[in-house]
Structure formats: C-alpha cells, structure tokens
Amino acid sequence: MTEPAIAVENLVKKYGETLALQGISFQVYPGEVFGYLGPNGAGKTTTIRILAGLSSPTGGSCRVLGQGTFKNPALYRHLGVVFEESHLYERLSGIENLRFFAALHGVPAARIQELLQTYDLAKAAKRPVRTYSKGMKRRLLICRALLHDPEVLIMDEPTSGLDPTSAAVIHGAIDHYRRQGKTIFLSTHDMTEAETLCDRVAFLN
Ligand code: ATP
C-alpha cells in the first residue's frame, strides 16, 4: 500500500483555553488533490500552520513525506505553501521577490522567468508588488511556492476574495500542478471549488 504524503493522527491544538483542533485524523496520498473544507474559525489555518511546521501540535501527530513537520527545515525543500495572507515584500518588484526566495532554495534564474510567463506576470515583473492587484499577488505567491518544484503544495483558501476570472487562473494552476503528479492540500470554504478540483474532501466543523 502507498505511504501517505500527509498523515495526520488525532491532532489537537489548544490556544490557551481555546480548543482549535479536537483530535482530527486524515491521510492525503501522493498525486491527490485533497480538499479541506470548513467554515470560518473551524481550524483550517491552524492545521496548515502545523503542516507547514510553523506551529507545534498540542497532541497527536502530523507527518509530511514520512517526517515530522515542526522545526524540520529539511522538509522545506519538498514543501510549497501558499498562505491566505500575502507575506510578500511590497516595495520590491515581483521578480525581486522571486529572486530573494530563489536564492534561499538555490533555484536558477530561468525557473523564475518560466513561472512569471506561466502565471502571466512577466509584463508586471519589474513593478513594485504594492501596485499589484489581489489576483496578481496571489499568482505571485503561487510562483513563490512553486519555485523549487515541491512535491507537496499546501494552499490556504487560495481564491478567497478573488473574482471568478482570477479564481479560474488559480484553478488552472492547481490543475496544471496535479497533472505533474504532485500532491495538493487545498483549504477552502467554497464547495463548488472543492467539487471541481478535489479528488477527496474532508469536512472540518
Ligand atoms: P478562516 O476560514 O476564518 O480563516 P480557519 O478555519 O482558518 O478560519 P483558524 O484560523 O485555524 O480557523 O482558527 C481556529 C480557532 O482558533 C478560532 O477559534 C481562532 O480564533 C483560534 N485561534 C487561531 N489562532 C489563534 C491564536 N494565535 N491565538 C488564539 N486563538 C487562535
């Protein structure tokens, strides 16, 4: 039987008195697009922060590609994350943002150009990111997450606040990436999006 790319077992997260995750379990298999659905405040971002190694679980376990996620920089080479909040350097241009992260990962310049072309940012590449529309910023975040061609892509509500055309571009990106056999974990509260894109879904309440 294939090993799961993501294995979450009885995961618990408490923030003081707040119980954000109450013992959740799921597996995501290689090559799957896995939808993680839930209303506001259900704990989607909390789960993603743990998957990305930014937050430690209070209980249970979380493994990505067979490894523990918390404080495990070796995993970053295999993981791309698109957070809901932008976290881009607004005063730098699009290409400068990508160059910065490419340097961290040792990614060649040609890969930056390829992504800028694919995500229709080549023309705006030299403009400061603060002049970008929401859709452009989201596309740049995807470029940043894909720079090092990760095996697992984690996305936190990647189309929230976007118009249907911009959302369709993001959907195209997800579809393109899944065709390369990659594993995608997609949090959303959009049922239609989940139905269109995902092989399996989990509901978090
Ligand atoms: P949304 O769809 O609104 O982004 P979400 O499903 O991503 O919501 P989380 O952001 O994971 O939900 O929040 C889950 C719960 O944990 C909420 O009750 C939230 O208030 C709480 N929470 C999240 N982060 C913290 C924190 N740093 N300190 C205290 N409580 C927190």
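The rules behind each value
- Residues numbered from 1 in each chain as written.
- Predicted model: local features only at pLDDT ≥ 70, side-chain atom pairs only at ≥ 80, totals over all residues.
- Heavy atoms only, no water.
- Salt bridge = Lys/Arg side-chain N within 4 Å of Asp/Glu carboxyl O.
- Helix = DSSP H or I, 4+ residues; strand = E, 2+ residues; numbered from the N terminus.
- Buried < 20%, exposed > 50% of the residue type's maximum accessible area, 1.4 Å probe, protein only.
- Core = buried A, V, L, I, M, F, W, Y, C linked by side-chain atoms within 4.5 Å.
- Contact = heavy atoms within 4.5 Å.

A closer look at the pattern of salt bridges
Here's step 1: As enumerated under the stated definition, the model contains 8 salt bridges in all.
Here's step 2: With its nearest N and O atoms 2.6 Å apart, the salt bridge here joins Arg-200 to Glu-32. With Arg-200 in strand β9 (residues 200-203) and Glu-32 in the loop between β2 (18-28) and β3 (33-37), the pair connects residues that are 168 residues apart, well separated along the chain.
Here's step 3: Judged by relative accessible area, Arg-200 falls into the partly exposed class, the value being 34%.
Here's step 4: One network of salt bridges, with partners in common, ties together Asp-175, Arg-178, Arg-179 and Asp-199.

Topic: the nonpolar core
Note on soluble globular proteins: their nonpolar side chains tend to be buried together.
Here's step 1: Ranked by internal contacts, the top residues of the largest apolar core, which has 38 residues, are Tyr-119, Leu-121, Leu-147, Leu-153, Met-155 and Ile-174.
Here's step 2: With 7 residues, helix α4 (residues 134-146) is the single largest residue contributor to this core.
Here's step 3: Those residues in contact with Leu-147 that lie beyond four places of it in its chain are Leu-98, Phe-101, Ala-102, Val-107, Arg-111, Ile-112 and Leu-115.
Here's step 4: Counting residues in hydrophobic clusters, the runner-up holds 26 residues, among them Ile-6, Leu-11, Leu-51 and Ala-202.

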